[in-house]
Amino acid sequence: MHIRILLLLALPATLPAADCAALARLALPATTIDTAAELPAGSFTPPGAKSPLTNLPAFCRVAGSIRPSPDSDIRFETWLPVSGWNGKFQ
């Protein structure tokens, strides 16, 4: 799990669309990236949400699963700003 965190910390403060799409091809142990796509600024309705989130900046949406053992399926999703990110995690 620490490997995945370090990879996110290594991302630059700006993330070009080509780099966002490249995240889908990452080969990480026990991890599957289901989607890595740049979404434009504006509105976005997350899966399962009843209404859209509005006034969002452009971002790279990355979602997938981690299966460290046969009986686990840890789903994750993260949104990485395309620009203007201060590099800090909250």
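Anything mentioned here points back to the structure above.
Fair warning: this is a prediction, and the values are worked out from it, not measured in the lab.

Reading the values: the criteria
- Counting from 1, residues in each chain are numbered in the order their sequence is written.
- pLDDT decides what is reported in this predicted model: residues at 70 or higher carry local features, side-chain atom pairs at 80 or more are listed and counted, and totals for whole chains, interfaces and linings draw on all residues regardless.
- Side-chain metrics in this entry use all non-hydrogen atoms of the structure; hydrogen atoms and water are not considered.
- Two cysteine sulfurs form a disulfide in these notes if their separation is within 2.5 Å.
- Numbered from the N terminus, helices here are DSSP runs of H or I no shorter than four residues, and strands are runs of E no shorter than two.
- Each residue gets one of three labels from its accessible area relative to the maximum for its type: buried under 20%, exposed over 50%, partly exposed in between, using a 1.4 Å probe on protein chains only.
- Between any two strands, pairing holds if DSSP finds at least two bridges.
- Orientation is described by lines fitted to C-alpha atoms, with helices fitted over the stretch in contact, and by angles between N-to-C directions that extend from 0 to 180 degrees.

Student: Hey, could you go over the state of the cysteines for me, with residue numbers and the actual values?
Tutor: Using the criterion set out here, one finds one disulfide in the structure. Between the sulfur of Cys-20 and that of Cys-60 lies a disulfide, 2.0 Å long from S to S. Taking the sign of the torsion about the S-S bond as the criterion, the disulfide between Cys-20 and Cys-60, at about 85°, is right-handed. Here Cys-20, found in helix α2 (residues 17–22), pairs with Cys-60, found in strand β4 (residues 59–66); they are 40 residues apart in sequence, far enough to count as distant. Across this residue pair, the class does not change: Cys-20 and Cys-60 are buried.

Student: Mind laying out the sheet that holds β4, listing which residues take part and the relevant values?
Tutor: Read across the open sheet, the three strands follow the order β1-β4-β5; overall the sheet is antiparallel. On the outer flanks of this sheet lie β1 (31–39) and β5 (74–81), each paired with one strand and no other. Strand-to-strand twist across the sheet, computed as the mean angle between neighbouring axes with direction ignored, equals 15°. In this sheet, β4 lies alongside β1 in antiparallel orientation, the contact comprising eight bridges. The residue bridging Glu-38 from the neighbouring strand is Cys-60, located in β4.

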